[in-house]
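# Observations on chain architecture
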Amino acid sequence: MAKKENMVIGISLVILLIAVGISYQNYQNAKQAKKQIDELNIVIEQKNTQIIKLIKSIKRR
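Quick summary incoming for the structure in this document.

Basis of the calculations
- Residues numbered from 1 in each chain as written.
- Predicted model: local features only at pLDDT ≥ 70, side-chain atom pairs only at ≥ 80, totals over all residues.
- Heavy atoms only, no water.
- Helix = DSSP H or I, 4+ residues; strand = E, 2+ residues; numbered from the N terminus.
- Rg over C-alpha atoms; globule rule 2.2 N^0.38 Å.
- Buried < 20%, exposed > 50% of the residue type's maximum accessible area, 1.4 Å probe, protein only.
- Areas by Shrake-Rupley, 256 points an atom, 1.4 Å probe, with all protein chains shown as cover.
- Lys, Arg positive; Asp, Glu negative; His and termini not counted.
- Charge placed at Lys NZ, Arg CZ, Asp CG, Glu CD.
- Salt bridge = Lys/Arg side-chain N within 4 Å of Asp/Glu carboxyl O.
- Patch = residues over 30% accessible without salt bridge, like charges linked within 9 Å, V, L, I, M, F, W, Y side chains within 5 Å.

## A few points about the overall build of the protein chain
Secondary structure summary: the protein chain contains one helix and zero strands in total. For the protein chain, the C-alpha radius of gyration of 26 Å lies well beyond 10 Å, the compact-globule estimate for 61 residues. When each of the 61 residues of the protein chain is scored for burial, the buried share is 0%. Total accessible area on the protein chain stands at roughly 6,000 Å², and carbon and sulfur atoms take up 66% of it. Charged side chains of the protein chain number 11 positive and 4 negative; the gap between the two group centres comes to 12 Å.

## Let's talk about the environment of Lys 31
Positionally, Lys 31 belongs in helix α1 (residues 2-60). Of the residues examined, Lys 31 reaches a relative accessible area of 44% and is grouped as partly exposed. Counting along the chain gives 22 residues from Lys 31 to Lys 53, while the straight-line C-alpha distance between them is 34 Å.

## A short note on the pattern of salt bridges
Counting across every chain of the model gives one salt bridge. Residues Asp 38 and Lys 34 are paired through a salt bridge, measuring 3.1 Å at the closest nitrogen-oxygen approach. Placement of both Asp 38 and Lys 34 in helix α1 is noted, with a separation of four residues, approximately one turn of the helix. With relative accessibility at 34%, the residue Asp 38 sits in the partly exposed group. When its relative accessible area of 52% is taken as the criterion, Lys 34 is described as exposed.

## Some points on the environment of Ile 44
Among the secondary structure elements, Ile 44 is positioned in helix α1. Note: C-alpha distance between Ile 44 and Lys 34 (10 residues apart in sequence) is 15 Å.

## Some words on a nonpolar patch on the surface
On the surface, Ile 9, Leu 13, Leu 16 and Val 20 cluster together into a nonpolar patch covering about 380 Å² of accessible area. Here Val 20 shows up in helix α1. With a relative accessible area of 49%, Val 20 lands in the partly exposed category.

Printed below as a string of structure tokens:
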């Protein structure tokens, strides 16, 4: 009986470790995605600034 309980505990631990590994990988992917979004927002803001400067330049002419 104890052998079956140990097998169940062992299998449960393996499943738990796999779930933790997948969760950690998803967390790392989410961090990378957030970093990329922040970088894109910076680029968009720079482009918006350039567009505003061009519009002002065109209106002056």
